[in-house]
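An overview of the molecular structure
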Amino acid sequence: MRIKRLIKSAAAALAAIVLTGCGGEQASLNPESVVVVMPPSSEPEAGFDPAYGWGAGEHVHEPLIQSTLTVTTYDLSIDYDLATEMACSEDGLLWTVDIRNDAKFTDGEALTAKDVAFTYNTLRDTSSVNDFTMLKEAVAVDGDTVEFHMNRPYSIWPYTMAIVGIVPEHAYGLDYGQNPVGSGRYILKQWDKGQQVVLEANPDYYGPAPGMKKVTILFMDEDAAYGAVLSGQADLAYTAASYGEETVDGYNLLDCETVDNRGFNLPAVPRQTMEDGTVIGNDLTCDVRVRRAVNLAVDREKLIENVLDGYGTPAYSVCDKMPWYYEGSQVSNDLEQARALMEEAGWLEGDDGIREKDGLKAELEIAYPSGDSVRQAMAAETANQLKDLGIDTSVKGVGWEEAYTMAYRQPLMWGWGAHTPMELYNIYHTEPESGRARYSPYANQKVDQYMDEALASPDLEASYQLWKKAQWDGSAGITQDGDIPWIWLANVDHLYWVRSGLSVADQKLHPHGHGWSIVNNVDLWSWNN
């Protein structure tokens, strides 16, 4: 099912009115400024406070206003920002980080290890979006050395350090998110809630001076964003695949690869009712041969063409192309082999083309979040393809308040993708309280063991091999030859209209969320004219 949209000429007029009200400008007239349009969901509701989602949470990005200890590079390895050196103890319970001594907050105060310790201890106690239970305490040893004492080994701590913006102990309070003081590349100059954010280059930044001195972020829905492009009021604006066939004079379409994946869970246990009355499991998908058949029956290339107009790449895991990705996860569409697996599992085709076993019809309902047209279309396309396998598949839009519970007993179309191996852990690792994974019934002690060993490793890069073994070690894992409790469909490309003459710096793989990631390196953008 291809998503089509009627492009209304009124969108251009609406965008022009909105932009005029926001004080927007054609930044191409100023070689040191740029106007960027993001979706309304990108506006940080709680402001620019790392404790309440800024730079972290579901949509991870560099905080820009604050500095971080580390950064992720183009290939998603770790490099330094404030940090100059770091080391982990053999038991994984102590991280020692030395920081540079030339960083200052925008109020003129020096940034020291005390500010780093304060930031992490504050997030440990108050963060509403990230898990800091692994951190026991951050301690400033001296002015430029901080120690992180851990409750448990956590080898991927450097990836956490890459998203936590450092706040000043002396200037942090309840209104910090509205009036942030940082040491990053940019200063928050203006925030008109519901409309725009204006950032200006930090003149005292310790690193190379940003090339873009002023960055204006406008928050608009897709139609208004496209209207802003048509009217020439935006230099860069996000867009959807449904606009990909359009052409706009003076603009080019930028296609960014991502790990912003879509896929669905398949409950790996039989249907049952728990003591609290919760129904979990599914009598069709509890058979691993059925799950393997579904994985083979899905034609990812066809789905990407029909739903995303070709703007995506096939997904075979939650971490495609990442340093910890197991490349053997890839499979080819093979409907005949899929049918053979269904036959082997005892699901035989009836006169109506729908398979049956012991009087039970092969039926599935794929749920998707209401209001998400892309996931709806992916669910519908998947349902159509699975009918060729003999599974009578329907789709249903639901609210998130019921979606999580429904996923215990049926497929749900999810969106994932982060710059950390913890995504694998959160999806597949068994939770002690329930004895099954968090989002869909599944458990494998060997998979858990590899992930636990990966987190306990004192060497980050060495841990990548353990994450790969959790995916498949030759006899156990979560891929096609293993338990395959999730089916991954596509990584959704992030598309942007870019004004001719604007040079956007090379982008690393974007994570889940079509927002701030594009401006991670806005300080390196430039105008060619």
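Residues numbered from 1 in each chain as written. Predicted model: local features only at pLDDT ≥ 70, side-chain atom pairs only at ≥ 80, totals over all residues. Heavy atoms only, no water.

Next up on the list: the overall build of the protein. When its secondary structure is counted, the protein shows twelve helices and 28 strands. Taken against the 2.2 N^0.38 rule, which gives 24 Å for 529 residues, the C-alpha radius of gyration of the protein at 24 Å falls within 12% of a compact globule. When its C-alpha atoms are laid out on the principal axes, the protein stretches across 75 × 60 × 40 Å. Considering the protein as a whole, with its 529 residues, one finds that 56% of them fall into the buried category. Counting only contacts in the protein whose residues sit at least 6 apart along the sequence, the fraction spanning at least 24 positions is 69%. Carbon and sulfur atoms make up 45% of the accessible area of the protein, which amounts to about 21,200 Å² in all. (Helix = DSSP H or I, 4+ residues; strand = E, 2+ residues; numbered from the N terminus. Rg over C-alpha atoms; globule rule 2.2 N^0.38 Å. Buried < 20%, exposed > 50% of the residue type's maximum accessible area, 1.4 Å probe, protein only. Contact = heavy atoms within 4.5 Å. Areas by Shrake-Rupley, 256 points an atom, 1.4 Å probe, with all protein chains shown as cover.)

The next subject is the pairing of strand S11 (residues 236–239). In S11, alternate side chains face the same way, and those of Leu236 and Tyr238 on one face and Ala237 and Thr239 on the other are all buried. Note that strand S1 (residues 33–38) and S11 share two bridges and pair parallel. Paired with Val36 across the strands is Leu236, a residue of S11. Relative to strand S26 (residues 494–499), S11 runs antiparallel, the two being bridged by four bridges. Each residue of the ladder has a partner; that of Tyr238, found in S26, is Tyr496. (Pairing = 2+ DSSP bridges.)

Two faces make up the sheet, and in a regular strand the side chains alternate between them. Buried residues dominate S26, accounting for six of its six residues. Neither face of S26 is open: one carries His494, Tyr496 and Val498, the other Leu495, Trp497 and Arg499, and all of them are buried.

The next thing to look at is the side chain of Ser42. Along the polypeptide, Ser42 turns up in the loop between S1 and strand S2 (70–72). The residues touching Ser42, leaving out its near neighbours within four places in the chain, are Phe219, His514, Gly515 and Trp516.

Attention now moves to the environment of Ser463. Within the fold, Ser463 resides in helix H12 (residues 460–471). Remark: the alpha-carbon pair of Ser463 and Leu424, spanning 39 residues in sequence, is separated by 13 Å. Discounting residues that sit within four places of it in the chain, Ser463 has contacts with Ser155, Ala454 and Ser457.

Under the criterion given, the structure shown has 18 salt bridges. A salt bridge links Lys508 to Glu62; the shortest N-O distance between them is 2.9 Å. Taken as a pair, Lys508 in the loop between strand S27 (502–503) and strand S28 (526–527) and Glu62 in the loop between S1 and S2 lie far apart in primary sequence, 446 residues in all. Glu62 matches Lys508 in its accessibility class, with the two residues each being buried. Two residues, Asp125 and Arg124, come together in a salt bridge whose shortest N-O distance is 2.8 Å. Judged by its relative accessible area of 28%, Arg124 is partly exposed. A cluster of three or more residues bridged by salt bridges with shared partners is formed by Glu62, Arg185, Lys508 and Asp523. (Salt bridge = Lys/Arg side-chain N within 4 Å of Asp/Glu carboxyl O.)

It is worth spelling out unusual backbone geometry at this point. Its identity as a non-glycine residue notwithstanding, Leu64 has a phi of 65 degrees, on the positive side. Looking at where Leu64 falls in the secondary structure, it is placed in the loop between S1 and S2. Although it is not a glycine, Asp358 adopts a positive phi angle of roughly 50 degrees. Relative to the assigned elements, Asp358 resides in the loop between strand S18 (355–357) and strand S19 (360–361). Taking the relative accessible area as the measure of exposure, Asp358 reaches 77% and is therefore exposed.

Turning to its location among the elements, Asn261 is positioned in strand S13 (residues 261–265). The class for Asn261 is buried, based on a relative accessible area of 0%. In this structure the side chain of Asn261 is engaged in a polar contact, spanning 3.0 Å, whose partner is the backbone oxygen of Val318. In this view, Asn261 contacts Ala315, Ser317, Val318, Cys319, Trp414, Gly415, Trp416, Gly417, Trp488, Ala490 and Asn491; residues no more than four positions away in its chain are not counted. (Polar contact = N/O pair within 3.5 Å; in protein donor to acceptor, adjacent residues only side chain to side chain.)

Take the sheet that holds strand S25 (residues 486–492) next. As summarised here, the arrangement of the four strands in space is S16-S25-S13-S22, forming an open sheet in which the pairing is antiparallel. If you trace the sheet from one side to the other, it starts and ends with strand S16 (312–314) and strand S22 (413–416), each paired once. Going across the sheet, the axis of each strand differs from the next one's by a mean of 30 degrees, ignoring polarity. Here S13 runs beside S22; their pairing, made up of four bridges, is antiparallel. Along S22, the bridge assignment pairs Arg262 with Gly415. Where helix H8 (residues 373–387) meets the sheet, its contacts fall on S13, S22 and S25, and the angle it forms with S22 comes to roughly 130 degrees. (Axes fitted to C-alpha atoms, helices over the stretch in contact; angles between N-to-C directions.)

One open sheet accounts for four strands, arranged S4-S5-S7-S6; its pairing is antiparallel. Among the strands making up the open sheet, the edge pair consists of strand S4 (83–88) and strand S6 (135–142). On average, each strand axis in the sheet is inclined to that of its neighbour by 20 degrees, with strand direction left out of account.

As a packed pair, helix H5 (residues 288–297) and helix H7 (residues 335–344) sit with axes 8 Å apart at the nearest point and diverge in direction by 165 degrees. Looking at the two axes, H5 sits roughly antiparallel to H7. H7 is crossed by H5, and the crossing has left-handed handedness. Each of Arg289, Val290, Arg292, Ala293, Leu296 and Ala297 in H5 lies in contact with H7, whose residues at this interface are Leu335, Gln337, Ala338, Leu341, Met342 and Glu344. When the residues that make up the contact of H5 with H7 are grouped by side-chain class, the tally is eight nonpolar, one polar and three charged. (Parallel < 35°, antiparallel > 145°, perpendicular 65-115°, else oblique. Left-handed = near helix turned anticlockwise from the far one by under 90°. Nonpolar A, V, L, I, M, F, W, Y, C, P; charged D, E, K, R; others polar.)

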